[in-house]
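Residue-level listing of the chains:
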Amino acid sequence: MTDVERPADVESTSPRGRRIDASMPDPRVQVRSASRTGRGGKRRARKRKRHTVAKVVLSTLLVLGMVSGLAVAYLYRQLNGNLTIADYAGQIVEPAPEKVQFSGPTDPINILIMGEDSRDCEGCGVDGENTAGLSDTTILLHLSRDRKHAYGISIPRDSLVERPDCRDEEGEIIEGSSRAMWNAAFAYGGPACTISQFQHVTGIAIDYSVTVNFGGFKGMVDAVGGVDVCVPETFYDSYTKTTFKAGTRKLSGKKALAYVRVRHNIGDGSDIGRTRRQQAFIASMVSEVMSANTLANPIKVVSFLNEATKSLELAEVNTTGLGNIQELAGLALQFKNISLDKIEFITVPFVYGSGDDRGRVVWTDEADEIWERIREDRALGDRLTAGSIRVDHLPGGEKTPTAPAGEATDGPTDEPTNQPTDEPSAGSSPSADAPTDEAPTDEASPADGRSEEEKAQLEFYGLCT
């Protein structure tokens, strides 16, 4: 099985090189999806910005405003012009699930994040592939209605699910399938079909969606000067021709992209292992973005916001209010009271199939329980989040001190303790922030608070304990 797998229910090939579901009597040409509105310009939105986007937008504008009112106006126009707001309404055939009605001033927010493995952006051909339009990454980001907890729930690409009908961007029906691979939906109809599939299978109505390609991911990592990753043992990835040395390293550029794509010669060699390492990378990136090292550096702040707003495709699915950067900042403000220990990443509970389903992923009853709790905005609890990756307790790092529940601050004033040293020269000279591919940092001390079972699982998936 190659690093970029094709869906199991895919047999023939479309004109764009995508493979088509054998269950479809009249397969359609595969499309990237998403007709775009002109409601603001280019791309944006995302889960990793939690506290950050709104607070950073406001603080940056304030700082620049003290220098020049024209600078504020320029930055606003620049970020606003970067936004791309997609409209998938015409592609989603099945009505959205009915939302649970809650009392109180706010409702929970559900954001579906999808990664696209297009290699047609500059520097994105990390593995010699030229495939475009598939998606190996799907994460539901759930923000609780009390704005005190956020869950990131990863869905394995090999999950066997029931895919509903949807439409391509030309309005033609793409017929559903009763036994479909999860990532086939994106190949057939892009983000719209994946959103429709998620709502159909889970009963959860999506409020917003975010799609990011390799270039967007790489740009945001570079903008913050790289992200710390802990590698338990030195290994070589023959697909990207990259060596990853053991220890805690700050990865950026092409090497960071290669790391989140790597699946061979590390851990158990499965897509699940890669998913877990991606969760750890995203958690580390959130920690980096929210650190004082980033927030105190105006050049990093503006660079990150610029890359984020121009790199992501955002869509309103069952809500409205993201027409410009000001409204987007309002959404980001919803994350301001979530402390680092309340940001958790888990994977949908599953077992591997057998027989004809060998190698595929079948969700367990606990998956149904998770979706029910998310619909009703109830805490998942220790049992369902056992082995989760938390932003305050990254693999290979110590727990980061966080404010007690209900006392979350607007943002951390010190760097997380799993990042014991500043990167060379970056903090003292904002203009010297050109990221390097691999800048070694001091090893963090062994993490505390993990059970032996959790440590064994981290090792199994190629993560530090």
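Sequence positions are assigned chain by chain, starting from 1 and proceeding in written order. Restriction of local features to residues with pLDDT of at least 70 applies here, the model being predicted, together with a cutoff of 80 or more for giving and counting side-chain atom pairs; totals for whole chains, interfaces and linings are based on all residues. Hydrogens are left out, water is left out, and the side-chain values use all remaining heavy atoms of the structure.

Asker: I'd like to hear about the overall build of the protein chain, residue by residue, with values.
Answerer: Strands are runs of DSSP state E lasting at least two residues, helices are runs of H or I lasting at least four, and both sets are numbered from the N terminus onward. Helix and strand counts for the protein chain come out as 12 helices and 22 strands. The proportion of buried residues among the 465 residues of the protein chain is 57%. Whether two residues are in contact is decided by their heavy atoms: any pair within 4.5 Å suffices. By sequence separation, contacts in the protein chain at least 24 residues apart represent 73% of the contacts at least 6 residues apart. Note on areas: these come from Shrake-Rupley sampling with a 1.4 Å probe, and a residue is covered only by the protein chains present in the view. In the form shown here, the protein chain has an accessible surface area of approximately 18400 Å², with 49% of it arising from carbon and sulfur atoms. To sort residues, take the accessible area from a 1.4 Å probe on protein chains only and compare it with the maximum for the residue type: under 20% means buried, over 50% means exposed, and anything in between is partly exposed.

Asker: Tell me what's going on with the side chain of aspartate 168, and back it up with residues and numbers.
Answerer: Tracing the sequence through the fold places aspartate 168 in the loop between strand S9 (166-167) and strand S10 (173-174). Under the relative-accessibility criterion, aspartate 168 is labelled buried at 5%. Throughout this description, a polar contact denotes any pair of N or O atoms lying within 3.5 Å of each other; where both atoms belong to protein, one of them has to be capable of donating a hydrogen while the other can accept it, and for residues adjacent in sequence the pair is counted only when both atoms sit in side chains. Polar side-chain contacts of aspartate 168 include one of 2.9 Å to the backbone nitrogen of glutamate 170.

Asker: Let's hear about empty space enclosed by the protein: which residues, and what values?
Answerer: For each structure, a 1 Å grid was placed over the protein atoms alone; sets of points admitting a 1.4 Å probe that cannot get out are labelled cavities, open sets with protein on both sides within 12 Å along at least five of seven lines are labelled pockets, and lining residues have an atom within 4 Å of a point. Grid points are joined across faces, edges and corners, and a volume is the space filled by probe spheres set on the points. Considering all chains together, one arrives at eight cavities of 30 Å³ or more under this definition. Space inside the second largest cavity adds up to approximately 150 Å³. Taken together, 16 residues form the lining of the second largest cavity, with Asp228, Val229, Cys230, Leu394 and Pro395 sitting closest to its centre.

Asker: With reference to specific residues and values, describe the packing of aromatic side chains.
Answerer: Any two aromatic rings considered together are summarised by their centre-to-centre distance and by the angle between their planes. Geometry of aromatic contacts follows a simple scheme: Phe, Tyr and Trp rings, the Trp one being its six-membered ring, pair when their centres are within 6.5 Å, and the pair is stacked under 30 degrees between planes, edge-to-face over 60, tilted otherwise. For the structure shown, the criterion picks out nine aromatic pairs. Ring plane angle 85° and centroid distance 5.5 Å describe the contact between phenylalanine 198 and tryptophan 371, whose orientation is recorded as edge-to-face. On the criterion of sequence distance, the pair formed by phenylalanine 198 in helix H3 (residues 184-202) and tryptophan 371 in helix H10 (residues 365-375) is long-range, its members being 173 residues apart. Each member of the pair phenylalanine 198 and tryptophan 371 is classed as buried. Consider the rings of tyrosine 259 and phenylalanine 281, whose centres lie 6.3 Å apart with planes at 35°: the pair is tilted. Here phenylalanine 281 lies in helix H6 (residues 271-289) and tyrosine 259 lies in helix H5 (residues 253-261), a separation of 22 residues in the sequence. The exposure classification of tyrosine 259 matches that of phenylalanine 281, with both residues buried.

Asker: With reference to specific residues and values, describe the state of the cysteines.
Answerer: A pair of cysteine sulfur atoms is labelled a disulfide when the two atoms are within 2.5 Å. Applying the stated criterion across every chain, the model contains two disulfides. Between cysteine 166 and cysteine 193 runs a disulfide, and the two sulfur atoms are separated by 1.8 Å. Handedness of the cysteine 166-cysteine 193 disulfide follows from its S-S torsion of about 90°: it is right-handed. Here cysteine 193 lies in helix H3 and cysteine 166 lies in strand S9, a separation of 27 residues in the sequence. We note that cysteine 166, like cysteine 193, is buried. Here cysteine 230 pairs with cysteine 464 through a disulfide, and the sulfurs are 2.1 Å apart. Disulfide cysteine 230-cysteine 464: torsion about the S-S bond near -85°, hence left-handed. Of this pair, cysteine 230 sits in strand S13 (residues 227-231) while cysteine 464 sits in the segment after helix H12 (452-460); the two residues are 234 residues apart in sequence, bridging distant segments of the chain. Residue classification places cysteine 230 among the buried positions, given a relative accessible area of 12%.

Asker: For the layout of surface pockets, give the residues involved together with the corresponding values.
Answerer: Here the largest pocket is characterised by a volume of approximately 370 Å³. Around the second largest pocket, the lining is made up of 18 residues, and of these Glu344, Thr385, Ser388, Arg390 and Glu454 lie nearest the centre.

Asker: Describe in detail the packing of helix H4 (residues 214-223) against H5, supporting the description with residues and values.
Answerer: Helix axes are fitted only over the stretch in contact, all axes being lines through C-alpha atoms; the angle between N-to-C directions runs from 0 to 180 degrees. The interhelical angle for the contact between H4 and H5, taken along N-to-C directions, is 125°, at an axis separation of 9 Å. Taken together, the axes of H4 and H5 are oblique relative to one another. Taken as a pair, H4 and H5 cross one another with a handedness that is right-handed. Within the contact between the two elements, H4 uses Phe214, Phe217, Lys218, Val221 and Asp222 and H5 uses Gly253, Lys254, Ala256, Leu257, Val260 and Arg261. Tallied by class, residues from the contact of H4 with H5 come to six nonpolar, one polar and four charged. Roughly parallel means an angle under 35 degrees; roughly antiparallel, over 145; roughly perpendicular, 65 to 115; everything else is oblique. Note on convention: near helix rotated counterclockwise from far helix by under a right angle means a left-handed crossing. Clockwise means right-handed. Each residue is assigned to one class: nonpolar for Ala, Val, Leu, Ile, Met, Phe, Trp, Tyr, Cys and Pro, charged for Asp, Glu, Lys and Arg, and polar for all the others, Gly among them.

Asker: Requested: an account of the nonpolar core, with residues and values cited.
Answerer: Put simply, buried Ala, Val, Leu, Ile, Met, Phe, Trp, Tyr and Cys residues joined by side-chain atoms within 4.5 Å make one nonpolar core. Ile111, Tyr259 and Phe281 are the most contacted members of the largest nonpolar core, which has 61 residues in total. The greatest single-element share of this core, amounting to seven residues, is contributed by H6. Discounting residues that sit within four places of it in the chain, phenylalanine 281 has contacts with Phe217, Val221, Val227, Val229, Ala256, Tyr259 and Val260. In terms of nonpolar packing, the next biggest core, distinct from the first, is built from 30 residues, Tyr151, Ala315, Ala367 and Ile370 among them.

Asker: Which residues make up the pattern of salt bridges, and what values go with them?
Answerer: Opposite charge on two side chains permits pairing when their charged atoms draw close. Salt bridges are identified by distance alone: a Lys or Arg side-chain nitrogen within 4 Å of an Asp or Glu carboxyl oxygen. By the definition in use, this model includes 20 salt bridges. Among the salt bridges present, the one from arginine 157 reaches aspartate 136, with a minimum N-O distance of 3.1 Å. Note that arginine 157 is positioned in the loop between strand S7 (150-154) and strand S8 (160-163) and aspartate 136 in the loop between strand S5 (109-116) and strand S6 (137-143), a separation of 21 residues in sequence. A relative accessible area of 1% means that arginine 157 is categorised as buried. Exposure remark for aspartate 136: the relative accessible area of 6% places this residue in the buried category.

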